[in-house]
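# Notes for the structure review
Listed here are the chains, written in short residue letters.
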Amino acid sequence: ESTGTDTSQDRIIQIAAIRIDENGQVLETFERFINPGISVGQSEEVHGFSDAYLQEHGEDPATVLKAFKEFSKDTIIVGHNVNYDVTIFTNELARHNLGNPEFKAIYDTLDIYRRFYPNLPNHKLGFLASEFPIHHEPTHNAMDDILATAQLLIYAVKENIVPTTTGRMVAINKYKAAFTNIASQMATLRRKAYTEMPTKLLAYIMNQMGVLEYYKSHGEAAKVEHIRDLYRIMEKLDAAYEGPAGLARLNQILQLAALTAGEPAQQVRNEDRIPIITIHQAKGSEFDYVFLAGLNEGTFPSPFALAEGRDDEEKRLFYVAITRPKQELTITFEQTNIRGRAVQPSSLLNYMPRDPELVERRY
């Protein structure tokens, strides 16, 4: 649990983990609270731990982080949407100069259930716990959540992963030679992401992974220039960034790049502007206030997407858009178009809540 959802800025307040055997029996537990040194703010409404509670029960951050790094050393880490946990833990270690995590491997039950049960209404931990024979309810307390996750893992292993082992091994043996080189390069890239500057990562991708040579050999000089422009932009953003190295620095620079909407120079100079970006650019980012403008039928969902049968893709994109704000979402649409003809609001708005306490309508 943490003070918020920004992995580069927010702080961990609780770390919980269990070590289990192949049957899901708990062999060892880890549960410690941290006094983050900052207020938990509105996040208390989610996890229930107040500033006063953490001042009384929380320990020094470096002490707990160091202990959990040792507890998790050379282990396989499993969690639900575990990339968030790994990223904020990695950033906290960097903040306290404690090096990097030393996990053996990382697996995500969110990915596992999306793969084997793609047609479920959603894959949130609470829904999965109610849909499958899981006898532990997640509560946004770290220990409760991981007990539920452990049971989901064991169920998936027994019901989905073990029965398909032979088929997967056949597929791996058939295709692994074709992917050996790129797999090795990706593994190197992941390792470098913990320690290298973003510009060095870009240089590795372009040079060692052969992207630059590919563009040159195919006569795509314009793309080579775009890469050089990107490198210069990342240099400027990197120089303006203040914070720990590694993944935290990379994530922050990617967020800054997303906010530039093609105008990186203004972002580097910290000009006071409102970023106007596409929904695709906003993926993975969150903002205090978000305005979705022009949500009319015939605009969003896109008529081209509808004609090609990509209705679900437009719904997923709409979900991305409405889940970007931390505090407030404002949606606008026209009642008449530029020619004065009446136009309808987007049909996607029918999926929004109708509770007047949640939605304020203005005309």
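If you're wondering where the values come from, they're calculated on a predicted model, not measured in any experiment. (Residues numbered from 1 in each chain as written. Predicted model: local features only at pLDDT ≥ 70, side-chain atom pairs only at ≥ 80, totals over all residues. Heavy atoms only, no water.)

### Side note on the packing of aromatic side chains
Basically, it comes down to this: A pair of Phe, Tyr and Trp rings is counted when the ring centres sit within 6.5 Å of each other, with Trp represented by its six-membered ring. The angle between the planes then sorts it: under 30 degrees is stacked, over 60 is edge-to-face, the rest tilted. For helices the rule is a DSSP run of H or I covering at least 4 residues; for strands it is a run of E covering at least 2, with both sets numbered from the N terminus onward. Think of it in three bands: residues with accessible area under 20% of the maximum for their type are buried, residues over 50% are exposed, and the middle band is partly exposed, with areas taken using a 1.4 Å probe on protein chains only. Only Lys NZ and Arg CZ are tested; either one counts as a charge over a ring when it is within 6 Å of the ring centre and within 35 degrees of the ring normal.
Summed over the entire model, instances satisfying the criterion amount to 14 aromatic pairs. Centre to centre, the rings of Phe-68 and Phe-71 are 6.2 Å apart; their planes meet at 20°, and the pair counts as stacked. Taken together, the residues span about one helical turn, with Phe-68 and Phe-71 both in helix H3 (residues 61–71) at a distance of three residues. Residues Phe-68 and Phe-71 agree in their burial class; the two are buried. Lying across the ring of Phe-71, Arg-19 places its NZ or CZ 4.4 Å from the centre.

### Thoughts on the pairing of strand S1 (residues 14–20)
Let me state the cut-off plainly: A pair of strands counts as paired when DSSP detects no fewer than two bridges linking them.
Counting buried positions over the seven residues of S1 gives five, a clear majority of the element. Counted between consecutive antiparallel strands, the loop separating S1 from strand S2 (residues 26–33) contains five residues, among which Gly-24 sits at a positive phi close to 90°.

### Considerations on the environment of Leu-349
Applied cut-off: By definition, residues are in contact when any of their heavy atoms lie within 4.5 Å.
In this fold, Leu-349 is placed in the segment after strand S6 (325–331). Note on Leu-349: relative accessible area 14%, which makes it buried. Placed 144 residues apart in sequence, Leu-349 and Ile-205 show a C-alpha to C-alpha distance of 41 Å. Every residue in contact with Leu-349, bar those within four places of it in the chain, is listed here: Leu-295, Phe-318, Ile-331, Phe-333 and Arg-354.

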